[in-house]
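Geometric and topological summary
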Amino acid sequence: MNPSASRIKVQPATESEGRKDYIRIQDFGFWYGAKKALDAISLDVPERRVVAFIGPSGCGKSTLLRNLNRMNDLVDGIRHEGDIQIAGRSIYDPGIEVISLRRRVGMVFQKSNPFPKSIYDNVVYALRIMGVTDRAVLDEACETSLRKAALWDEVKDRLNDSALGLSGGQMQRLCIARAIANRPEILLMDEPCSALDPIATGKIEELIHELKAQFTIVIVTHSMQQAARVSDRTAFFYLGKLIEYDTTEKIFMNPSQAQTEAYISGRFG
Amino acid sequence: MSENSKQSPDAPTPARFQVSRFTLLADTWMGRLIRFGGVSVVVAVLGMLVFLVCQVLPLFSGAKLESLTPVTFEKTAVGFGEDEYGELPFTCDAAGKLEFRHAYSAAGAAAGVVTKTWSPTLAPGQKVTTIRTYPRDGLVILGLSDGNILEVKVTYKIAFDEKGGRTPQPQIVALPAQQLGKKLLPCLDVWSVKGPNGHMVICRQQEAGHDFLTAARLTEKSGMGGPVVTAGNAFSVASDIPDLERVFVPSTADSVIVVRKDGEVRVYTIEEEEVSFLQSFKPFASLPDSRIASAGLIFGNVSLVVNSFNGVEEVWSIYPQVQSNGQTQRRWGKIHDCEPLAGAGQGIFPAVGNKCYLTVAGGRMQIRNMTNGSLRWDAPAPAAEIQQVVFSRNYDRLAVLSADGVLRRWSIEDHHPEASWNTFFGKIWYEGASAPAYTWQSSSGADEFEAKYSLVPLLYGTIKGTFYALLFAIPIALLAAVYVSQFLRPELKKIIKPTMEVMASLPSVVLGFLAGLWLAPIVDANLLPLICLVAALAPAALTAGFAWSSLPQPIRRKVGPGWEFAYLIPFVVFCGWLAWQAAPMIESTFFSVKDLASGQTISDFREWWRQNSGWSYDSRNSIVVGFVMGFAVIPIVFTIAEDALSNVPDALVSGSLALGASRWQTVWSVVVPTAISGIVSGIMIGFGRAVGETMIVVMATGNTPVMEANPFNGMRTLSANIAVELPEAAVGQTHYRALFLGACCLFALTFIINTFAEILRQRLRERYKVV
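Note that the structure is a prediction, hence the values are computed from the model and not measured.

Another point: the overall build of chain A. Helices and strands together make up the secondary structure of chain A, namely 12 helices and 10 strands. Taking 269 residues into account, the globule formula puts the C-alpha radius of gyration at 18 Å, and chain A, at 18 Å, falls close to it. In terms of overall dimensions, chain A has C-alpha extents of about 55 × 45 × 35 Å along its principal axes. Sorting the 269 residues of chain A into buried and exposed places 54% on the buried side. Intrachain contacts of chain A at a sequence separation of at least 6 include 68% that bridge at least 24 residues.

Listed below in structure tokens is the structure:
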């Protein structure tokens, strides 16, 4: 099937094994008004692993992702049932500020969305709004994040230039750098490579491998190759239901559901 | 090879690819029409600008004098007079002989034909000792060797011949001689003034080396054989003035100004027949040569232009001054230093009807304007000494008689002698004022009134009105825009946005009407409660916000996002009510003053303000105007800013929120900077609206052109000034053009501000542009 998938599985697994149920989604149902978008989803995301959500358009994978940091809160008429826990605590706990949740759960969007500010200001944005003003701290965070996002060498001489002058791939890596600058634990990626060319996509994918050592990553993707290349586990959604969730190898090599098999082999989607 | 490429290039295009001729034609013509429309707009705007500038430019051109053919008289001429059109001037010589010569055509003037001569009939033994002509009054006054004076009146009758040609014919009437001065002493000088206070003659005689002045009021009645003049009692004006050199008698006949040879000026006031010494001053006391070379009393009778032998020229005028005893009295003092002259002063000859004068010095003749100091005209002076200079009543002709008997004549084209850069934008010391000031006062009841056209108070008023309007409008409009675009429920936004847009179309005359007739009295009656109310709103809202954020999550979550205002409004209303109720207490605690009228202690913020701020309090004031003009500005600023804020891509908002920013942090650090160019546009368009707003200011400001930052008085803006005064300004007059200059200033003001704003906006857009 996908030869690279197996290669990736042989990653230098820094097997300081974390929690198996770092993100625990339990019987999660979700409605946009009267429309049910998710139906009784239950899955666990292990710590410092990459989990890919795949499925045809409108299957609810993005909805579920956006629930992990409660970005859907802004949408009118939403309703949910069941629960999502991160590190053992419900994200709907009244004692949890949605803001602090989002600091813990960073997000990278489908379309890169750098702020119309300088590269530097973009990267340290999260720190600034947290009230960090110490220039040294900001500088250090900026460099670290950009290095982690593999962008440092390309932009280190023009940190004060507008971020909008970067290429598409650079912008997306900048958004990743921005998302990891305040050291979240989880990184949600919503089709981060869909607007990028293959070279930029390759760089982002490499980056995801690097980041896995530190972050728990949930990635939504339309590209099964990408899911196969970057993820440890893959969840296949269809019509708001979780059809199959297993190791990536299993999903791609030997799916247990017929729908998964049909989707993966390109018979619909 | 495909099928198409085999076709020859000349092959006709298949019909299905052909474009109909009509489409092409319509495309061409619509293109032209649109281009024409665009060019027309540019041309119209430029045309307006050109029109404004054309209306204004004449203000700044000096006088144009065109030389007319000079008339040559006898060299013995000492004075002259002329008719209204300067067609038949006459001279008189030392013996009182009048000689009329043609001047109604260039040829006639050159020929110098004598049309008439006349000599006075004197009693035996009488001789003419002095003579003075008042050309504009057609008056020649002779002083005789026996202390008598003889007034000769010259009037012109116009005769028309068959062809319609007109010929002026002089009519000379000699009034009976009047004994005025001391008998048997020759009159050395005579003056006659006619004014609102009657007709007065003054003569100078000398006895034992001392000059003295005697005056008498004359009453004239028409009798059987001509006018009968009766002289009142002769009274002494000044009995002993050493080294008297010149005397000026204002046409008001209420004072006499005497200039002595050493440069001292003495002023005597005359009330009926009582003469009292008022003041003496020495204009050039500080110069090595303190003598006055020449002097002239400017039209209006309150300003004396004096110059020295060193070419220094000054204007002295009578104005209220604080005396050493603490009282304010009208006294003479220097009000202007004029431009230095080319040499020693040789004569100052005032015009009539305006504040211009001809000054002769160092071989130059200059027409200057006394008030604004502008030089209207400069030309070489005739070599011979100038005897007399006459400006016509309408300031359209100038005639100069020199000692060689030549009467040089010019026609004057100077429609705006009172206009200069200084008049409009400088601080000017007007006659009667105690200090230089920026004054706009375009009309009054008196003819001799000098209109004051400083645009500075109007510019100040414009800026002030705009400032108060924007002070009120900008924060509200921008905060509302941020709130509506970022926080409000979409369904409410659908109602509020169009409502605000409808507000923008409220006719400003309605707003002005409401402001002037409804709001101003309410504000006036409830000033302090309203101030307390407004002052309480912001803290109340902030407190409410703080209290809200301290509430635990579960309670907060019960209020849906976008409905927080439902909790805020009652709180703020309650605080406002509290402030309103507390106002009387605050007023009586902090703002109790002694009422000047009754002597009782009253609690009145307005009275307190009057007594403690040093400023006035008017019910039509900047606060009211700012508030109501703010209403006119808010919808515009709101609409544009709200659009800009709403157009910020959701991706940026989500990006910021996903990074753990609060909604407010997102708005402040991402949404507002991204929308900043639109916000700046909104502010600038609001600014433009406030600057140009007319009806509200006309109706609610009181239109007083004062320059005070005082929030509790009115102002007059450039636009209101144009609206108020243009209907009463005569086309082409200085007032009319001054109003157009105001329009130019308004244009320039908005142009500069908008250009600046546009540059700023472009920069901001460049900086915060979104991919």
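Anyway, onward from the coordinates.
Moving on to the sheet that holds strand E23 (residues 328-337) of chain B. The pairing of strands in a sheet happens through backbone hydrogen bonds and is either parallel or antiparallel. Residue and element names in this part refer to chain B. Overall, antiparallel pairing links the four strands, which are arranged E20-E21-E22-E23 in an open sheet. Of all strands in the sheet, those bounded by a partner on one side alone are strand E20 (292-297) and E23. Neighbour to neighbour, the strand axes of the sheet diverge by 30 degrees on average, direction disregarded. Across five bridges, the pairing between strand E21 (residues 303-308) and strand E22 (residues 313-322) is antiparallel. In the sheet register, Val305 faces E22, and the bridge partner there is Val315.

Facing the 31 residues of chain A at the interface are 28 residues of chain B. Contact with chain B buries surface across chain A, with Pro116(A), Tyr125(A) and Ile129(A) losing the most and accounting together for 23% of the total. Summed over the shared surface of chain A and chain B, the result is zero salt bridges. In this assembly, chain A and chain B are joined by five residue pairs in polar contact (both at pLDDT 80 or more).

All right, on to the pattern of salt bridges then. Taken as a whole and assessed by the stated rule, the structure comprises 48 salt bridges over all chains. Between Arg128(A) and Asp121(A) there is a salt bridge, and its shortest N-O distance comes to 3.0 Å. Looking at Arg128(A), the relative accessible area reads 36%, which means it is partly exposed. Between Asp139(A) and Arg135(A) there is a salt bridge whose closest N-O contact spans 3.5 Å. One end of the pair, Asp139(A), and the other, Arg135(A), are both in helix H6 (residues 135-148), four residues apart, so they sit about a helical turn from each other. Linked by salt bridges that have partners in common, Asp243(B), Arg260(B), Asp262(B), Glu264(B), Arg266(B) and Lys282(B) make up one network.

What follows deals with the side chain of Lys117(A). Within the secondary structure layout, Lys117(A) lies in the loop between strand E6 (105-108) and helix H4 (119-123). Here Lys117(A) occupies a buried position and makes no salt bridge, while the nearest side chain of opposite charge, Asp121(A), is found at 5.9 Å. Among the polar contacts listed, one links the side chain of Lys117(A) to the backbone oxygen of Ser669(B), at a separation of 2.7 Å. Contact partners of Lys117(A), with chain neighbours within four places excluded, come to Asn122(A), Tyr125(A), Asp161(A), Ser162(A), Ala163(A), Ser669(B) and Pro673(B).

In terms of nonpolar packing, the biggest core is built from 127 residues, with Ile23(A), Ile25(A), Phe28(A), Leu43(A) and Phe53(A) touching the most fellow members. When residues in this core are grouped by element, the largest group, 13 residues, is from helix H17 (residues 734-768) of chain B. Those residues in contact with Ile23(A) that lie beyond four places of it in its chain are Leu43(A), Asp44(A), Val45(A), Leu68(A), Ile84(A), Gln85(A), Ile86(A), Ile186(A) and Val218(A). Counting residues in each nonpolar core, the second largest holds 49 residues, with Ala52(A), Tyr120(A), Leu138(A) and Ala141(A) among its members.

All names here are of chain B. Interaxial distance between helix H14 (residues 663-692) and H17 falls to 8 Å at its minimum, and their mutual angle equals 175 degrees. On the basis of their axis angle, the class for H14 and H17 is roughly antiparallel. Two secondary-structure elements touch here, H14 through Pro673, Thr674, Ile676, Ser677, Val680, Ser681, Met684, Phe687 and Val691 and H17 through Leu746, Leu749, Thr750, Ile753, Asn754, Ala757, Leu760, Arg761, Leu764, Arg765 and Tyr768. Across the contact of H14 with H17, the residue classes tally to 13 nonpolar, five polar and two charged.

What counts and how
Residues numbered from 1 in each chain as written. Chains lettered and ligands numbered in written order. Predicted model: local features only at pLDDT ≥ 70, side-chain atom pairs only at ≥ 80, totals over all residues. Heavy atoms only, no water. Helix = DSSP H or I, 4+ residues; strand = E, 2+ residues; numbered from the N terminus. Rg over C-alpha atoms; globule rule 2.2 N^0.38 Å. Buried < 20%, exposed > 50% of the residue type's maximum accessible area, 1.4 Å probe, protein only. Contact = heavy atoms within 4.5 Å. Pairing = 2+ DSSP bridges. Axes fitted to C-alpha atoms, helices over the stretch in contact; angles between N-to-C directions. Buried area = accessible area lost by both parts, 1.4 Å probe. Salt bridge = Lys/Arg side-chain N within 4 Å of Asp/Glu carboxyl O. Polar contact = N/O pair within 3.5 Å; in protein donor to acceptor, adjacent residues only side chain to side chain. Lys, Arg positive; Asp, Glu negative; His and termini not counted. Core = buried A, V, L, I, M, F, W, Y, C linked by side-chain atoms within 4.5 Å. Parallel < 35°, antiparallel > 145°, perpendicular 65-115°, else oblique. Nonpolar A, V, L, I, M, F, W, Y, C, P; charged D, E, K, R; others polar.

In short, the description is geometric, and any link to function would need to be established separately.
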